[in-house]
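Listed below, chain by chain, are the residues.
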Amino acid sequence: MTLAFASGCIGGLLNSLTVWFCGTIGLTALLGVKIAPELTPSWLYPRLVWGGLWGFIFLLPFFQNKYFYRGILYSLFPSLVQLFIIFPLKVNQGIMGVELGRLTPIVVLFFNFVWGASTALWLKFISGSSESKRQHVVT
């Protein structure tokens, strides 16, 4: 469980840096999407925690040895929550965040794909490291 949480936090960090970077260089504005946060602790910290909490989804038994496919599949869950709960109900930006721009759903899917892929790859990396350490202890 701790590996899933930590991997989700790493994914949350890489997702957040990607969101911030794309906003800073004007890529989201170029796409007509008003997502360009400032990189502050108050913005970053909740995203790391939520990334870690979403990391628990990697405990589900789908695609056990296909980490990248798991990352793609599992990235859909936070995307759906953001598009159909957070944007319309919490921040009043309309269903799928259309008030932020028409391409918001695609941008959200991309950013959450970054979370899913990086979480999955980190989980694969760290799981492999801990597995090889266990083998050395046993032998």
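Before reading on, note that the structure itself is shown above.
Summarised in this report is the structure supplied together with it.

**Section: the packing of aromatic side chains**
Inspection of the entire model under this criterion finds six aromatic pairs. Ring pairs connect the aromatic residues Phe58, Tyr74 and Trp115, which therefore count as one cluster.

**Comments concerning the nonpolar core**
Among the nonpolar cores identified, the biggest contains 12 residues, and these are Val19, Cys22, Val33, Ile35, Trp43, Leu44, Leu83, Phe87, Leu100, Val107, Val108 and Phe111. Mapped by element, the contributors of at least two residues to this core are helix 1 (2-24), helix 3 (41-55), helix 4 (67-90) and helix 5 (104-138). Ranked by residues supplied to this core, first place goes to helix 5 with three residues. The contact partners of Val33, leaving out residues within four places of it in the chain, are Thr28, Leu100, Gly101, Leu103, Thr104 and Val107.

**Regarding the layout of surface pockets**
Estimated volume of the largest pocket: approximately 760 Å³. In this structure, the largest pocket is lined by 25 residues; those nearest its centre are Arg47, Trp50, Gln82, Ile86 and Asn112. Counting residues per element, the ones that place at least two in the lining of the largest pocket are helix 1, helix 3, helix 4 and helix 5. Along the lines of polarity and charge, the residues of the lining of the largest pocket split into 17 nonpolar, seven polar and one charged.

**Side note on helix 3**
Relative to the 21 Å expected for 15 residues at 1.5 Å per residue, helix 3 spans 21 Å between its end C-alpha atoms, a close match to the ideal helical length. Listed in full, the buried residues belonging to helix 3 are Trp43, Leu44, Gly51, Gly52 and Gly55. The arc enclosing the buried residues of helix 3, seen along the axis, measures out at 155 degrees, which places them on a common side. Opposite its buried face, helix 3 presents the exposed residues Ser42, Tyr45 and Trp50, each directed more than 90 degrees away.

**A closer look at the packing of helix 1 against helix 3**
One way to put it is that helix 1 packs onto helix 3 with a least axis distance of 6 Å and a crossing angle of 135 degrees. By the angle between their directions, the pair helix 1 and helix 3 is classed as oblique. The two elements helix 1 and helix 3 cross, and the hand of that crossing is right-handed. Of helix 3, the residues touching helix 1 (which contributes Ala4, Phe5, Gly8, Cys9, Gly12, Leu13, Asn15, Ser16, Val19 and Trp20) are Trp43, Leu44, Arg47, Leu48, Val49, Gly51, Gly52, Leu53 and Gly55. Along the lines of polarity and charge, the residues of the contact of helix 1 with helix 3 split into 11 nonpolar, seven polar and one charged.

Rules behind the numbers
As a convention, each chain's residues are numbered from 1 in the sequence order in which they are written. The predicted origin of the model limits local features to residues at a pLDDT of at least 70 and limits the giving and counting of side-chain atom pairs to 80 or more, whereas totals for whole chains, interfaces and linings rest on all residues. To obtain the side-chain values, all non-hydrogen atoms of the structure were included, while hydrogens and water were left out. Note on ring pairs: Phe, Tyr and Trp rings are taken, using the six-membered ring of Trp, and paired if centres are within 6.5 Å. Classes follow the plane angle, with under 30 degrees stacked, over 60 edge-to-face and the rest tilted. Side-chain atoms within 4.5 Å link the members of a nonpolar core, which is a set of buried Ala, Val, Leu, Ile, Met, Phe, Trp, Tyr and Cys residues. With a 1.4 Å probe rolled over the protein chains alone, any residue whose accessible area is under 20% of its type maximum counts as buried; one over 50% counts as exposed, and the rest are partly exposed. In DSSP terms, a helix is any run of H or I states spanning at least four residues, a strand is any run of E spanning at least two, and both are numbered starting from the N terminus. Two residues qualify as a contact provided that any one of their heavy atoms is within 4.5 Å of a heavy atom in the partner residue. Think of a 1 Å grid over the protein atoms and nothing else: a 1.4 Å probe that fits but is trapped marks a cavity, an open set flanked by protein within 12 Å on at least five of seven lines marks a pocket, and residues with an atom within 4 Å of a point count as lining. Grid points are joined across faces, edges and corners, and a volume is the space filled by probe spheres set on the points. Note on residue categories: nonpolar means Ala, Val, Leu, Ile, Met, Phe, Trp, Tyr, Cys or Pro, charged means Asp, Glu, Lys or Arg, and polar means any other residue, Gly included. In a helix, the anticipated span is given by 1.5 Å times the number of residues less one. In this description, the arc belongs to the directions extending from the helix axis to the C-beta atoms. The convention used is that axes are lines fitted to C-alpha atoms, helices contributing only their stretch in contact, and that angles between N-to-C directions extend from 0 to 180 degrees. Any angle that falls under 35 degrees is termed roughly parallel, while one over 145 is termed roughly antiparallel, one within 65 to 115 roughly perpendicular, and all others oblique. Should the near helix be turned anticlockwise from the far one by less than a right angle, the crossing is left-handed, and should it be turned clockwise, the crossing is right-handed.

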